[in-house]
Amino acid sequence: LNDSYEIGPALKAKIVAYANKVAYIPNVNAQNLKNGHTDLIVVIVPFISSSFFLDFYEELVTYNKEKNYDVILLQSFNNVEKEAEALRFVLKHKATALIICPVNDNSNLQILKNIQNNLGPVMIFDRVGHKLETDKIGVDNCKEIHLLGTEIAKLGAQSILLLCCENIGENASRIKGYKKAL
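So, a few notes on the structure that sits alongside this text. (Residues numbered from 1 in each chain as written. Predicted model: local features only at pLDDT ≥ 70, side-chain atom pairs only at ≥ 80, totals over all residues. Heavy atoms only, no water.)

Looking at a nonpolar patch on the surface
Taken together, Leu1, Ile7, Leu11, Ile15, Val16, Tyr18, Val22 and Tyr24 make up a surface patch of nonpolar side chains, about 730 Å² in accessible area. Its location among the elements puts Ile7 in the segment before helix H1 (9-21). We classify Ile7 as partly exposed; its relative accessible area is 32%. (Patch = residues over 30% accessible without salt bridge, like charges linked within 9 Å, V, L, I, M, F, W, Y side chains within 5 Å. Areas by Shrake-Rupley, 256 points an atom, 1.4 Å probe, with all protein chains shown as cover. Salt bridge = Lys/Arg side-chain N within 4 Å of Asp/Glu carboxyl O. Helix = DSSP H or I, 4+ residues; strand = E, 2+ residues; numbered from the N terminus. Buried < 20%, exposed > 50% of the residue type's maximum accessible area, 1.4 Å probe, protein only.)

Right, dumping it as structure tokens:
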């Protein structure tokens, strides 16, 4: 089934025919054990109900399908312990890579370091203030809100209202940029 050069064409045809007859499905765990790695990328987001996170996930799946990676989506519910459970899943299944939007700036730092040192790359996205030294993709919210507030003020606005929750995601840096603009 792996098209080994050591097996002749007649025997290969018999094996393929039998595999088709019995609807054979390869054991991924056995293959991972043999190869010493998985082709699994885990994505951990706060909530799968967010269209932002779902769009991000769909793009990852589309991109990695061509490269024969499986991408699985887990959610932390914006809870440190739930995030730790998801990270233990990453360790247990020996994922090839982890992409995470962390709960806060230092959530599960030791587990993330363990994954980074023993499994593979960890990339942080959206909430890029996390203390882990790694690749990060996100927006400088403080800077962008400051620029936006400054531009709105230049247009003559006397009162500018910023609506966001104080302790969720990057909102602290958004509030900082807002105050700076004022």
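Quick look at the nonpolar core
Val42, Ile44, Leu87, Leu98 and Ile100 are the most contacted members of the largest nonpolar core, which has 18 residues in total. Counting residues per element, the ones that place at least two in this core are strand S1 (40-45), helix H4 (80-92), strand S3 (97-100), helix H5 (109-118) and strand S4 (122-125). The contact partners of Leu87, leaving out residues within four places of it in the chain, are Ile44, Leu98, Ile100, Asn108, Ile111, Leu112 and Ile115. Of all hydrophobic cores here, the second largest spans twelve residues; its members include Ile41, Phe53, Tyr57 and Ala97. (Core = buried A, V, L, I, M, F, W, Y, C linked by side-chain atoms within 4.5 Å. Contact = heavy atoms within 4.5 Å.)

Describing the packing of helix H6 (residues 141-154) against helix H7 (residues 171-181)
Contact geometry for H6 and H7: axes closest at 7 Å, N-to-C directions at 35 degrees. Here the hand of the crossing between H6 and H7 comes out right-handed. Facing Asn141, Cys142, Ile145, His146, Gly149 and Thr150 of H6, the residues of H7 in contact are Ser173, Arg174, Lys176, Gly177, Tyr178, Lys180 and Ala181. Residue composition of the contact of H6 with H7, by class: four nonpolar, six polar and three charged. (Axes fitted to C-alpha atoms, helices over the stretch in contact; angles between N-to-C directions. Left-handed = near helix turned anticlockwise from the far one by under 90°. Nonpolar A, V, L, I, M, F, W, Y, C, P; charged D, E, K, R; others polar.)

Some words on the packing of H4 against H5
Between two packed helices, the angle of one axis relative to the other and the distance separating the axes together describe the packing. Put simply, H4 and H5 touch, their axes get as near as 10 Å, and they point 15 degrees apart. On the basis of the axis angle, H4 is roughly parallel to H5. Crossing of H4 against H5: the hand is left-handed. Residue-level contacts link Ala84, Leu87, Val90 and Leu91 of H4 to Ile111, Leu112, Asn114 and Ile115 of H5. (Parallel < 35°, antiparallel > 145°, perpendicular 65-115°, else oblique.)

Some thoughts on unusual backbone geometry
In this model, Asn68 sits at a positive phi of 65 degrees, which is unusual for a non-glycine residue. Relative to the elements of secondary structure, Asn68 occurs in the loop between helix H3 (51-65) and strand S2 (70-75). Residue class for Asn68 comes out exposed when judged on its relative accessible area of 60%. Of note, the phi angle at Lys94 is positive, near 50 degrees, even though the residue is not glycine. Tracing the chain through its elements places Lys94 in the loop between H4 and S3.

Fair warning: the whole summary comes from geometry, so function is off the table for now.
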